[in-house]
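Letter by letter, the chains look like this.
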Amino acid sequence: LGLAPFALTDFNPSGVHIFLSFKEGASAQARAEGDVVLTPSLRWLGLHSADVSPLPRESLDDLTERDRGMIRTMLGRTSAAGAAPLEPLVQHELRAMQQAGVKADLDHIGRAALFRRAPDRVGDGSPA
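Every chain begins its residue count from 1, and numbering advances along the sequence as written. Reporting in this predicted model follows two pLDDT cut-offs: at least 70 for local features of residues, and 80 or more for side-chain atom pairs to be given and counted; totals over whole chains, interfaces and linings ignore these cut-offs and use all residues. Hydrogens are left out, water is left out, and the side-chain values use all remaining heavy atoms of the structure.

Draft legend 1. Up close: the overall build of the protein. A run of H or I in DSSP becomes a helix once it reaches four residues, and a run of E becomes a strand once it reaches two; helices and strands are each numbered from the N terminus. Along the backbone of the protein there are 6 helices and 4 strands. When its helices and strands are written in sequence order, the protein yields β-α-α-β-α-β-α-α-β-α. In the protein, which comprises 128 residues, the proportion classed as buried is 38%. Residue contacts are defined here by distance: any two heavy atoms, one from each residue, within 4.5 Å place the two residues in contact. For the protein, the share of sequence-separated contacts (at least 6 apart) that also reach a separation of at least 24 residues comes to 78%. When a residue's accessible area, from a 1.4 Å probe over protein chains only, is under 20% of the maximum for its type it is buried; when over 50% it is exposed; and in between it is partly exposed.

This is the structure:
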């Protein structure tokens, strides 16, 4: 069909992890065993820090220690043997999340605000 795949996830470490799992595979073991379907052309539509920053503070949740650990693990994966470096957008968004200390779920974002930004992120819709 020639459609570009996009991921829309929560602005939290689990959302980033889900995106990366679909794009790159769930684990090194699963990849080695061939038990994974990769979508290397998957592009991350959001949520991004730009979607979250205008939200009122009461609509955001604080990062937990588990969240902070997941962020450290994902940011540190470039030093792990065999791990591909994170793409710059993912690194930027994880650092923004870490610095702000907050996360947001999709249901906190107004549809109108999110989809106003979508055309800039989707581009012409062709695969990356």
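Draft legend 2. Structural view of helix α4 (residues 65-76). For α4, with 12 residues, the first-to-last C-alpha span of 16 Å sits near the 16 Å given by 1.5 Å per residue. Of all the residues in α4, the buried ones are Asp67, Gly69, Met70, Ile71, Met74 and Leu75. Buried residues belonging to α4 abut α1 (13-24), β3 (61-62), α5 (88-100) and β4 (102-103). Here the expected span of a helix is defined as 1.5 Å times the quantity of residues minus one.

Draft legend 3. Local environment of the pattern of salt bridges. Salt bridges are identified by distance alone: a Lys or Arg side-chain nitrogen within 4 Å of an Asp or Glu carboxyl oxygen. Considering all chains together, one arrives at 3 salt bridges under this definition. Across the pair arginine 57 and aspartate 62 runs a salt bridge, and its minimum N-O distance is 2.2 Å. Overall, arginine 57 belongs to the partly exposed group, its relative accessible area being 44%. We classify aspartate 62 as partly exposed; its relative accessible area is 48%. The residue aspartate 67 makes a salt bridge to lysine 103 at a minimum N-O spacing of 2.7 Å. Taken together, the residues span a long stretch of sequence, with aspartate 67 in helix α4 and lysine 103 in strand β4 at a distance of 36 residues.

Draft legend 4. Molecular detail of α5. The end-to-end C-alpha separation of α5 is 18 Å, in line with the 18 Å expected for 13 residues at 1.5 Å each. Among the residues of α5, Val90, Glu93, Leu94, Ala96 and Met97 are the ones counted as buried. With its buried residues spanning 160° around the axis, α5 presents them on a single face. Seen from the open side of α5, the exposed residues pointing more than 90 degrees away from its buried face are Pro88 and Gln99. What the arc covers is the set of directions going from the helix axis to the C-beta atoms.

Draft legend 5. Representation of the nonpolar core in the model. Throughout, nonpolar core names a set of buried Ala, Val, Leu, Ile, Met, Phe, Trp, Tyr and Cys residues whose side chains join them through atoms within 4.5 Å. By size, the foremost hydrophobic cluster in this structure holds 23 residues, and its most contacted members are Val16, Phe19, Leu20, Met74, Leu86, Val90 and Leu94. For this core, the element with the most residues is α4, which contributes 4 residues. When sequence neighbours within four positions are dropped, the list of residues in contact with leucine 20 reads Gly25, Met74, Arg77, Leu86 and Val90.

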